[in-house]
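Here is what each chain is made of, one letter per residue.
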Amino acid sequence: MLTIKEKQELNVKKALSFRGIIEESELESIKRDMDSVIINNNISVRGEFITVTYGIEGEKLDMELIIPIDSDVDVTAEGYRIRDDVRIENAVVASYQGSPDTFTDVFMELNRYITDNNLEPATAGYNVFRGSVYNEIEGCMDICVDVYLGVAN
């Protein structure tokens, strides 16, 4: 299931962020490292996990992983930082619930919507993972993701 809305906003006040050129196989390890930083520094998660892919070159991804948190923490590892504001003020949002296998179709539908409505992308897509739900009809887990794409006013 996919729904698309305009004039939406993504607003995260403070977040632990990792950005780097990585391979897809490294994602889980980086996410575990980020979770360790949160646990070891006794801070709380204050929102949904977010990923942003800025570019792809061969097997390498220029990617950012973002976890909203409640307080500052010192991070010194390469690629990690605290972001004080993650904001998209004028976004088209594609809300998806379905199989992980067909998630890439969201980007094709979002691109079609943007083209059909003469919108101009202004940001990369921010994938906000809202979790997963059991699909009784298919007998499997569906993912729930909102894809925020900022557009020019």
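The structure we're discussing is the one just above.
Quick look at the structure, then.

Conventions we followed
- Along each chain, residue indices are assigned from 1 in the same order as the chain's sequence is written.
- Owing to the predicted nature of the model, reporting of local features is limited to residues with pLDDT of at least 70; listing and counting of side-chain atom pairs is limited to 80 or more, with chain, interface and lining totals taken over all residues.
- Side-chain calculation: all heavy atoms of the structure are included, whereas hydrogens and water are not.
- Note on conventions: DSSP H or I runs of at least 4 residues are helices, E runs of at least 2 residues are strands, and numbering of each starts at the N terminus.
- Radius of gyration means the value over C-alpha atoms here, while the globule rule gives 2.2 Å times the residue count to the 0.38 power.
- The buried label applies to any residue whose accessible area, calculated with a 1.4 Å probe on protein chains only, is under 20% of its type's maximum; exposed applies above 50%, and partly exposed to all values in between.
- A pairing counts as a salt bridge when a side-chain nitrogen of Lys or Arg comes within 4 Å of a carboxyl oxygen of Asp or Glu.
- Here, strands pair whenever DSSP counts at least two bridges between them.
- By convention a nonpolar core is built from buried Ala, Val, Leu, Ile, Met, Phe, Trp, Tyr and Cys residues, the set being connected through side-chain atoms within 4.5 Å.
- Helix span, as expected, comes to 1.5 Å for every residue beyond the first.
- The arc under discussion is defined with respect to the helix axis, by the directions toward the C-beta atoms.
- Contact between two residues is taken to exist if any of their heavy atoms lie within 4.5 Å; hydrogens are not considered.

### Quick look at the overall build of the protein
Argument step 1. The helix and strand tally for the protein stands at 2 helices and 8 strands.
Argument step 2. When the elements of the protein are put in sequence order from the N terminus, they spell out β-β-α-β-β-β-β-α-β-β.
Argument step 3. Compactness check: the protein gives a C-alpha radius of gyration of 16 Å against a globular reference of 15 Å for 153 residues, within 12% of the reference.
Argument step 4. For the protein, the proportion of its 153 residues judged to be buried stands at 37%.

### What to know about the pattern of salt bridges
Argument step 1. For the coordinates displayed, the defined rule picks out 12 salt bridges.
Argument step 2. The partner of Asp84 in a salt bridge is Lys14, with the nearest N and O atoms 2.8 Å apart. Of this pair, Asp84 sits in the loop between β5 (80–83) and β6 (86–98) while Lys14 sits in the loop between β1 (2–12) and β2 (15–23), and the two are 70 residues apart along the sequence.
Argument step 3. Between Asp146 and Arg130 there is a salt bridge, with the nearest N and O atoms lying 3.0 Å from each other. Pair noted here: Asp146 is in strand β8 (residues 140–151) and Arg130 is in strand β7 (residues 121–135), with a separation of 16 residues, a long-range link.
Argument step 4. Via salt bridges that share partners, Glu9, Asp85, Arg87 and Glu89 belong to a single interconnected network.

### A closer look at the pairing of β2
Argument step 1. Where β2 lies against strand β4 (residues 60–68), 9 bridges are found, and the strand directions are antiparallel. Within β4, the residue paired with Leu16 across the bridge is Ile67.
Argument step 2. With 4 bridges joining them, β2 and β5 adopt antiparallel strand pairing. When the sheet's bridge partners are listed, Leu16 is paired in β5 with Ile82.

### Things to note about the nonpolar core
Nonpolar side chains in soluble globular proteins tend to be buried together.
Argument step 1. Core analysis: the largest hydrophobic core is formed by 16 residues, its most contacted members being Leu16, Phe18, Ile30, Met34 and Ile69.
Argument step 2. When residues of this core are traced back to their parent elements, those giving at least two are β2, α1 (27–40), β4 and β5.
Argument step 3. Residues Ile50, Val52, Val86 and Ile88 belong to the second largest nonpolar core, which totals 13 residues.

### A short note on unusual backbone geometry
Argument step 1. Even without being glycine, Asn42 reaches a positive phi, approximately 55 degrees.
Argument step 2. Structurally, Asn42 can be placed in the loop between α1 and β3 (49–57).
Argument step 3. Judged by relative accessible area, Asn42 falls into the exposed class, the value being 71%.
Argument step 4. At Asn118, a residue that is not glycine, the phi angle is positive and equals roughly 50 degrees.
Argument step 5. The topology assignment puts Asn118 in the loop between α2 (105–116) and β7.

### Structural notes on the pairing of β3
Argument step 1. Across 7 bridges, β3 lies against β4 in antiparallel orientation. Within β4, the residue paired with Ile50 across the bridge is Ile66.
Argument step 2. Taken together, β3 and the strand that follows it, β4, pair antiparallel across an intervening segment of 2 residues, in which Gly58 is found at a positive phi of about 65 degrees.

### Some points on α1
Argument step 1. For α1, built from 14 residues, the straight-helix expectation of 20 Å at 1.5 Å per residue is met to within 8% by its first-to-last C-alpha distance of 20 Å.
Argument step 2. Along α1, the residues classified as buried are Ile30, Met34, Val37 and Ile38. Take α1 and look down its axis: the buried residues cluster within an arc of 100 degrees, on one side only. Seen from the open side of α1, the exposed residues pointing more than 90 degrees away from its buried face are Glu28, Arg32, Ile39 and Asn40.
Argument step 3. Residues of α1 that are buried in the fold lie against β2, β4 and β5.
Argument step 4. Immediately downstream of α1, the backbone of Asn42 shows phi near 55 degrees, a positive value.

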